[in-house]
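Secondary and tertiary structure notes
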Amino acid sequence: MKIITVKNYQELSSTAGQLITDLIRRQPHCTLGLATGSTPQGAYDYLVERYRAGDISFREVQTFNLDEYCGLPRSHPQSYFRFMHDNLFRHVDIQPENRHIPCAENGDLQAQCDAYNALLRAATVDLQLLGIGSNGHIGFCEPGTPFDRETFLTRLADKTRQDNQRFFDSLDEVPTTAITMGIKNILQAKSILLIASGRGKAECISQMVNGPVTEAVPASALQLHPDATVIVDEAAAALL
Ligand code: GLP
């Protein structure tokens, strides 16, 4: 695992954004695995700036998002579909048929998992962007998730729902389930880029980097990957 420590969130965002920019310039038809949460927003802003400056195009880029809450309409302000639209997709020239996000509004959710997994199996993700939950989750793979899981319907940990309550009016409104890529899908990416900011992430970053590889800390699975890079700001690196 390669660790890059930067000063603050702004530097974290530009460093991650630049790595993705370099990949798109090298390989205009690349496939990106994308993440949501507050951490990647700055990196997406950076990519939008580079697109507006004419440095990169998303015309041939394909994307696969990690996860989606169950039961929220795609138009809901907190759905990850809407997040991607608002933070990246509507600002750049990515083709609608090239962007993929699990569909978890309603209906047969197991069938949706299987359909998404079939798409992932047929793809090769060149770079998977990840955030990390304070309990060590990646995507919505919560502690205890076996490393050989592929796309599945997951129950959110209480800690995750509490952490994500800040985006909703009350805890009751935070969904209890989600569709997420499994750890096996995540590890199949050619390269992984995990970003973390703030003192609240220091414990899980230290466990991920220096602790044992264990299902109790899903992000520790990155120790098994041959090309995983972690960018942390000084606060998130406090316990390294
Ligand atoms: C959610 C997402 C994760 C993300 C995590 C951390 O739970 N499913 O992919 O890494 O939030 O979010 P934040 O970056 O807001 O701390």
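Think of each chain on its own: its residues are numbered from 1, step by step along the sequence as written. The predicted nature of this model means local features are confined to residues of pLDDT at least 70 and side-chain atom pairs, given and counted, to a pLDDT of 80 or more, with totals for whole chains, interfaces and linings taken over all residues. Side-chain figures throughout are based on the complete set of non-hydrogen atoms in the structure, without hydrogens or water.

As recorded by an unreviewed UniProt entry, the chain carries the name Glucosamine-6-phosphate deaminase and is attributed to Pseudomonas saudimassiliensis. UniProt positions are given in the numbering used here, feature names are shortened, and annotations may be inferred rather than shown by experiment. In the Function (unreviewed entry) part of its UniProt record, the chain is described as follows: "Catalyzes the reversible isomerization-deamination of glucosamine 6-phosphate (GlcN6P) to form fructose 6-phosphate (Fru6P) and ammonium ion." Check the Catalytic activity (unreviewed entry) section of the UniProt entry for the chain; it says "alpha-D-glucosamine 6-phosphate + H2O = beta-D-fructose 6-phosphate + NH4(+)".

1. Examining the site of the ligand
The immediate surroundings of the ligand are formed by 14 residues, with Ser-38, Thr-39, Asp-67, Arg-166 and Lys-201 found nearest. Taking Gly-139, its main chain carries an N or O atom lying 3.1 Å from a nitrogen atom of the ligand. Calculation of accessible area relied on Shrake-Rupley with a 1.4 Å probe; when residues are assessed, cover is drawn exclusively from the protein chains displayed. For the ligand, whose accessible area on its own is 390 Å², the fraction buried by protein is 95%. Residues that form the shell around the ligand fall into these classes: 3 nonpolar, 8 polar and 3 charged. The near set for a molecule or strand comprises every residue that places at least one heavy atom within 4 Å of it. Polar contacts, as used here, are pairs of N or O atoms within 3.5 Å; protein pairs need one atom able to donate a hydrogen and one able to accept it. Residues neighboring in sequence count only if both atoms are side-chain atoms. Note on residue categories: nonpolar means Ala, Val, Leu, Ile, Met, Phe, Trp, Tyr, Cys or Pro, charged means Asp, Glu, Lys or Arg, and polar means any other residue, Gly included.

2. Quick word on the UniProt feature "domain: Glucosamine/galactosamine-6-phosphate isomerase" (unreviewed entry) in the chain
Those places that UniProt annotates as "domain: Glucosamine/galactosamine-6-phosphate isomerase" (unreviewed entry) correspond, in this numbering, to residues 11-224. As a span, residues 11-224 carries 33% helix and 14% strand, and end to end its C-alpha atoms are 27 Å apart. Working definition: helices are DSSP H or I runs of at least four residues, strands are E runs of at least two. Numbering for both runs from the N terminus.

3. Description of the sheet that holds strand E9 (residues 191-196)
In this scheme, strands are said to pair when DSSP sees at least two bridges between them. Reading across the sheet, the 7 strands line up as E1-E10-E9-E6-E2-E3-E5 and stay open at both edges, with parallel pairing between neighbours. Whereas interior strands pair on both sides, the edge strands pair on one side only; in this sheet they are strand E1 (2-6) and strand E5 (99-100). Bridge count between strand E2 (residues 31-34) and strand E3 (residues 62-65): 4 bridges; the pairing is parallel. From the neighbouring strand, Thr-31 faces E3, where its bridge partner is Gln-62.

4. Comments concerning the pairing of strand E8 (residues 177-180)
For the exposure calls, accessible area comes from a 1.4 Å probe over protein chains only, and a residue counts as buried if that area is under 20% of its type's maximum, exposed if over 50%, partly exposed in between. Along E8, one buried face is formed by Thr-177 and Ile-179 and the opposite face, lined by Ala-178 and Thr-180, is buried too. Here strand E4 (residues 67-69) pairs with E8 via 3 bridges, running antiparallel. The partner of Asp-67 across the bridge, within E8, is Thr-180. Note: strand E7 (residues 152-155) against E8, 4 bridges, orientation antiparallel. Looking across to E8, one finds that Thr-154 is bridged to Ala-178.

5. What to know about the packing of helix H1 (residues 9-26) against helix H2 (residues 41-52)
Lines fitted to C-alpha atoms define the axes, with helix axes restricted to the stretch in contact, and inter-axis angles between N-to-C directions lie between 0 and 180 degrees. For the pair H1 and H2, the least separation of the axes is 8 Å and the interaxial angle reads 55°. What the angle tells us is that H1 and H2 run oblique. Here H1 runs over H2; the crossing is right-handed. Residues Tyr-9, Ser-13, Ser-14, Ala-16, Gly-17, Gln-18, Ile-20 and Thr-21 of H1 form the contact with H2, whose own contacting residues are Gln-41, Gly-42, Ala-43, Tyr-46, Leu-47 and Arg-50. Within the contact of H1 with H2, the residues separate by chemical class into 6 nonpolar, 7 polar and 1 charged. By definition in this entry, angles of less than 35 degrees are roughly parallel, angles greater than 145 are roughly antiparallel, angles of 65 to 115 are roughly perpendicular, and the rest are oblique. Crossing handedness: left-handed means the near helix sits turned counterclockwise from the far one by under a right angle, and right-handed means the same turn made clockwise. Every residue pair with non-hydrogen atoms within 4.5 Å of one another is taken to be in contact.

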